[in-house]
Amino acid sequence: MPAVSKGDGMRGLAVFISDIRNCKSKEAEIKRINKELANIRSKFKGDKALDGYSKKKYVCKLLFIFLLGHDIDFGHMEAVNLLSSNKYTEKQIGYLFISVLVNSNSELIRLINNAIKNDLASRNPTFMCLALHCIANVGSREMGEAFAADIPRILVAGDSMDSVKQSAALCLLRLYKASPDLVPMGEWTARVVHLLNDQHMGVVTAAVSLITCLCKKNPDDFKTCISLAVSRLSRIVSSASTDLQDYTYYFVPAPWLSVKLLRLLQCYPPPEDAAVKGRLVECLETVLNKAQEPPKSKKVQHSNAKNAILFETISLIIHYDSEPNLLVRACNQLGQFLQHRETNLRYLALESMCTLASSEFSHEAVKTHIDTVINALKTERDVSVRQRAADLLYAMCDRSNAKQIVSEMLRYLETADYAIREEIVLKVAILAEKYAVDYSWYVDTILNLIRIAGDYVSEEVWYRVLQIVTNRDDVQGYAAKTVFEALQAPACHENMVKVGGYILGEFGNLIAGDPRSSPPVQFSLLHSKFHLCSVATRALLLSTYIKFINLFPETKATIQGVLRAGSQLRNADVELQQRAVEYLTLSSVASTDVLATVLEEMPPFPERESSILAKLKRKKGPGAASALDDGRRDPSSNDINGGVEPTPSTVSTPSPSADLLGLRAAPPPAAPPASAGAGNLLVDVFDGPAAQPSLGPTPEEAFLSPGPEDIGPPIPEADELLNKFVCKNNGVLFENQLLQIGVKSEFRQNLGRMYLFYGNKTSVQFQNFSPTVVHPGDLQTHILSGLGQPPTKRVAAQVDGGAQVQQVLNIECLRDFLTPPLLSLPVTINKFFQPTEMAAQDFFQRWKQLSLPQQEAQKIFKANHPMDAEVTKAKLLGFGSALLDNVDPNPENFVGAGIIQTKALQVGCLLRLEPNAQAQMYRLTLRTSKEPVSRHLCELLAQQF
Amino acid sequence: MQFMLLFSRQGKLRLQKWYVPLSDKEKKKITRELVQTVLARKPKMCSFLEWRDLKIVYKRYASLYFCCAIEDQDNELITLEIIHRYVELLDKYFGSVCELDIIFNFEKAYFILDEFLLGGEVQETSKKNVLKAIEQADLLQEKTETMYHSKSFIGYKKAY
């Protein structure tokens, strides 16, 4: 490139820049800049009209000053003037200034847009590109409004130059990202897809980015891009290293384009067309094969470009998650990289393996690298690589390696970067809970966490250990013993005191038999920490003391002495003072019985999603915890949540975070619209920050009342609620904090009547309350539910706080149907069952008559509830069919028959349920005269066992 | 790509290109934070780091750091080569580019970047094609510059 052209057009600028560079201090620089600004201002304001060159030079100086980090508040007009110069270099500087320093001064925007419009229409490709670059650089909504409709035309016009097409594609992409509503889809979209076939590689490179973005919103419109992308990719991958001339980069053919094409394919599931799929798999294999070939160059650029394609290929393989062979190959390849001398490759291999670990096909293969990963955690010198290793260990963890991984992570925690300690603590806590086989290990782990990184153990973590210990009586004694030992350390973290205080207060009696941990010893151990602790901890300890009075009457005098001390009774902190006063009084006036009742052991906590997991998700964004969250890997794992019998309160505990009706899975129900006002108010109140645990004198409540996020478990999904009603007619259909809907129903032949009770649980009136029943699809023709029509009574429009209103629905089944009416009414087809008694012979005869394959529906499934013959019988009767004894030769099996009554027709149904107690499985077979009915009944009934 | 920053070992910003709309204040904050983070890293460390919810890819060439922020699903290695290709383009254009070239001809550095990357995506990877576009522009520039000089000469004469 000729040295002459290097911007020596503007001598004044070069002088100014050297002046700035020669400034010895910041002050000198500012002085010089202010002088220049004053100069430029006077030039711009001066009477003499500036020529284009001077204008360009001054605008460029302003730009330079701005890029140094100073504010510029003038010169925009001059820059805009440059846009309409017919000299390229002036125009160019004008555009640069606008791109860097645009402000949404409406008048200027109009002028700028005008200049751009002229350049776009100029048919001069260089000017057109400048204008397109400017739009792409600014990307504002105003520009979108002005040009979004024109650019597609330029992009697909037959006579546009390649360079213009490239700029137009990416310009459109930027506008689409900023304001998708402004970019009209249309006839041009099909032609954009065909740019993938363009002979100019640069055009393809630009177009792929645009298509990748557009197809995410309209996958069907762009579906044809799959086969085009595959064939393009295949041509690149199989080309020799020099075929593509200037698009070959260090012996790698078109690496950028390859990566973009692989990226595009990740927007879609695997190709359906077998030929396309075959070709693609071939490409992926070729890339994997090439990774094993000796490098064609020693340059790092060669290996980077090659590996960029390799990693993108692996991403695609992981995205498809359907080719076990490729997944395992990918894993082995990454395994090689784990020990590569390039830090970058080790980093990326760890990162990529993290996603591989969540595929069932490669999870085991990933696990074989555990030692290398642990070694990386110990020896990598770069903290970001160690972080990746820790992430991978977390992702590959399952029951088989949990102990090893947790202990390694604990060890790492001792030296970990401060910035990531809290996250490691959360992860260890989650793994320990998730994969605990024996809970003493879990307790040990959490106490170790507190010992090693007490400062980073958040409330969630130590709340959780208390919940688990409270819920599992097999670990309580161990927990008390361990925590007692831990407290004996001369310096122990305050979180340890909190956990210790709580556990000994609840379960100290379990170790009181040992003279080394007799009640007075326990008390004096705790009390020795008391004075060093914060107010919150001291408050907790006071609660422990009153519990001690109940557990160990022999400590009463000592503890009363402590409570009575001036430092407690007259403590400046009102919470401590109140506790001391109230506990002291309680211990003196209440009889032992009363005391024992008040201070009874904590009931088990309702089970819910671990609040720690929720916290990790908040920290890392969705997906971070998903590897463990979905329980995919270890379906049999009885994590602590599942291991404990859920308390009845689980179902009815309101959840503030659930949406008003909480029916997230179901299609939008007929929500009472106006109650939203009151609802939001309430939700806001509950969503507020956690109240300080300082209100009530009952210590249990105060300290472990869950934070607002976990007031209750999420409302069971609507489907689940509906399932309850398949075999019964009455119950609570829906409940959240605001509203309870109860149902009573009766069905006879093809008619039914349903009473709905709407209870307002708040103290505020619901206004304009009007539930409606929606019949999705053509349900109307299958079932008539007269809601709001005579003779049904309409509900009152207002529901007072605490009041309940009733609504009656008359239902007639016209034909068979599958989907229940919305509001998620528990009206399922089996409600119209008429039980039929018949003898064994008749049964078998009819069974044989219904022998067409489509008349039968069969399902084999795992038992979700204990297998109890009586319960099963009750469920089958509740389902509506008659139970036929002595029909099935195997007495363990159940056989039933019934007729579904609809106005139009009657459907005879036969069913057989075969429990297998050993395997905890059922086989359910249904035969009816109508195919969809068989399937639907089978689905409905299978969920009940 | 969300943005690209070029800064010196002393932490002086030499070029900034933003592909997402951000306020000036936010841009300054990000720049300050990132320059600090990257300069604090040791030479042998890996070229990628997580920062906020973005991935940072950086590489040092002599006294200059090139630093790109990409999104979660973007490819780190290819970004590293985007940086390298940009350096090659500058090198070819300026002839053994050094920091001073970028300081004194910052506008050229921006123009070259715009030909190579647009809206945060690679527009043209062929070195020849990018340089051809810049060359054409330079030709136009020279043409207009000669025009300008002759014009001013005439103007000069007229004034007298």
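Details of the structure are given in the entry above.
Procedures and definitions
- Residues numbered from 1 in each chain as written.
- Chains lettered and ligands numbered in written order.
- Predicted model: local features only at pLDDT ≥ 70, side-chain atom pairs only at ≥ 80, totals over all residues.
- Heavy atoms only, no water.
- Helix = DSSP H or I, 4+ residues; strand = E, 2+ residues; numbered from the N terminus.
- Buried < 20%, exposed > 50% of the residue type's maximum accessible area, 1.4 Å probe, protein only.
- Contact = heavy atoms within 4.5 Å.
- Areas by Shrake-Rupley, 256 points an atom, 1.4 Å probe, with all protein chains shown as cover.
- Phe/Tyr/Trp six-rings, centres within 6.5 Å; stacked < 30°, edge-to-face > 60°.
- Axes fitted to C-alpha atoms, helices over the stretch in contact; angles between N-to-C directions.
- Parallel < 35°, antiparallel > 145°, perpendicular 65-115°, else oblique.
- Nonpolar A, V, L, I, M, F, W, Y, C, P; charged D, E, K, R; others polar.
- Salt bridge = Lys/Arg side-chain N within 4 Å of Asp/Glu carboxyl O.
- Polar contact = N/O pair within 3.5 Å; in protein donor to acceptor, adjacent residues only side chain to side chain.
- Pairing = 2+ DSSP bridges.
- Expected span 1.5 Å × (residues − 1).
- Left-handed = near helix turned anticlockwise from the far one by under 90°.

A. Representation of the overall build of chain A. Regarding its fold elements, chain A presents 43 helices and 13 strands. Per-residue burial over chain A gives 55% buried out of 945 residues. A sequence separation of at least 24 residues applies to 69% of the contacts in chain A between residues at least 6 apart. Accessible surface, chain A: about 41,000 Å² in total, of which carbon and sulfur atoms supply 52%.

B. Main features of the packing of aromatic side chains. Residue and element names in this part refer to chain A. The final tally for this structure, using the stated rule, is 23 aromatic pairs over all chains. Ring geometry for tryptophan 462 and tyrosine 463: centres 4.9 Å apart, planes at 80 degrees, overall edge-to-face. The buried category is assigned to tryptophan 462, whose relative accessible area is 3%. The exposure class of tyrosine 463 is buried, given its relative accessible area of 18%.

C. Seen up close, the environment of lysine 481 of chain A. For lysine 481 of chain A, the location among the structural elements is in helix 26 (residues 473-487). Expressed as a C-alpha distance, the spacing of lysine 481 of chain A and serine 517 of chain A, which sit 36 residues apart in the sequence, is 8.4 Å.

D. Spotlight on the packing of helix 20 (residues 370-379) of chain A against helix 22 (residues 402-415) of chain A. All names here are of chain A. In the contact formed by helix 20 and helix 22, the axes pass within 10 Å of each other and the chain directions differ by 10 degrees. In terms of orientation, helix 20 and helix 22 fall into the roughly parallel class. In this structure, helix 20 uses Ile370, Asp371, Ile374, Leu377 and Lys378 to contact helix 22, whose residues at the interface are Gln404, Ile405, Glu408, Arg411 and Tyr412. Looking at the contact of helix 20 with helix 22 residue by residue, the classes come out as 5 nonpolar, 1 polar and 4 charged.

E. Structural context of the interface of chain A and chain B. Contact with chain A, which involves 75 residues of that partner, is made by 67 residues of chain B. Here chain A and chain B share 3 salt bridges between them. Here arginine 41 of chain B ties to aspartate 382 of chain A by a salt bridge, and the two come within 2.7 Å at their closest N and O atoms. The tally of links between chain A and chain B comes to 28 residue pairs in polar contact (both at pLDDT 80 or more). Among the residues forming the side of chain A that touches chain B, the class breakdown is 34 nonpolar, 23 polar and 18 charged.

F. Geometry of the pattern of salt bridges. As enumerated under the stated definition, the model contains 45 salt bridges over all chains in all. For aspartate 474 of chain A, the salt bridge identified is with arginine 472 of chain A, shortest N-O distance 3.4 Å. Of the residues examined, aspartate 474 of chain A reaches a relative accessible area of 53% and is grouped as exposed. On the accessibility criterion, arginine 472 of chain A (18% relative accessible area) is buried. A salt bridge links arginine 516 of chain A to aspartate 514 of chain A, with the shortest nitrogen-to-oxygen separation between them at 2.8 Å. Each of Arg388, Asp391, Glu423 and Lys427 of chain A together with Glu50 of chain B takes part in salt bridges that share partners, so that together they form one network.

G. Up close: the environment of glutamate 187 of chain A. With respect to the helices, strands and loops of the structure, glutamate 187 of chain A is situated in helix 11 (residues 187-193). Sequence spacing of glutamate 187 of chain A and proline 152 of chain A is 35 residues, and the spatial spacing of their C-alpha atoms is 9.7 Å.

H. Representation of the sheet that holds strand 4 (residues 54-61) of chain B in the model. Spatially, 2-1-5-4-3 (chain B) is the arrangement adopted by the 5 strands of the open sheet, whose pairing is antiparallel. Taken across any chain shown, the strands that pair with only one partner, and hence form the sheet edges, are strand 2 (13-18) and strand 3 (48-51) of chain B. Neighbour-to-neighbour, the strand axes of the sheet open up by a mean angle of 20 degrees, direction not taken into account. Relative to strand 4 of chain B, strand 3 of chain B runs antiparallel, the two sharing 4 bridges. The partner of tryptophan 51 of chain B across the bridge, within strand 4 of chain B, is leucine 54 of chain B. Along the sheet, helix 18 (residues 343-356) of chain A contacts strand 3 and strand 4 of chain B; its crossing angle with strand 3 of chain B, the most-contacted strand, is approximately 50 degrees.

I. Main features of helix 2 (residues 76-94) of chain B. Residue and element names in this part refer to chain B. Between its first and last C-alpha, helix 2 extends 27 Å over 19 residues, near the 27 Å set by a 1.5 Å rise per residue. Summarising burial for helix 2: 17 of the 19 residues are buried, a large majority. Between a side-chain oxygen at the N-terminus of helix 2 and the backbone nitrogen of leucine 77 the separation is 3.1 Å; the capping residue is asparagine 75. Positioned one or two residues after helix 2, glycine 95 has a phi angle of 75 degrees, which is positive.

J. Examining the packing of helix 10 (residues 162-178) of chain A against helix 12 (residues 201-217) of chain A more closely. Residue and element names in this part refer to chain A. Packing of helix 10 against helix 12 brings their axes to within 8 Å, and their N-to-C directions diverge by 25 degrees. If you check the angle between helix 10 and helix 12, you find them roughly parallel. Considering how the two elements wind past one another, helix 10 and helix 12 form a crossing that is left-handed. Of the residues in helix 12, those in contact with Asp162, Lys165, Gln166, Ala169, Leu170, Leu172, Leu173, Tyr176 and Lys177 of helix 10 are Gly202, Val203, Ala206, Ala207, Ser209, Leu210, Cys213, Leu214 and Lys217. Here the contact of helix 10 with helix 12 is composed, by residue class, of 11 nonpolar, 3 polar and 4 charged.

What is shown is where atoms sit, not what they do.
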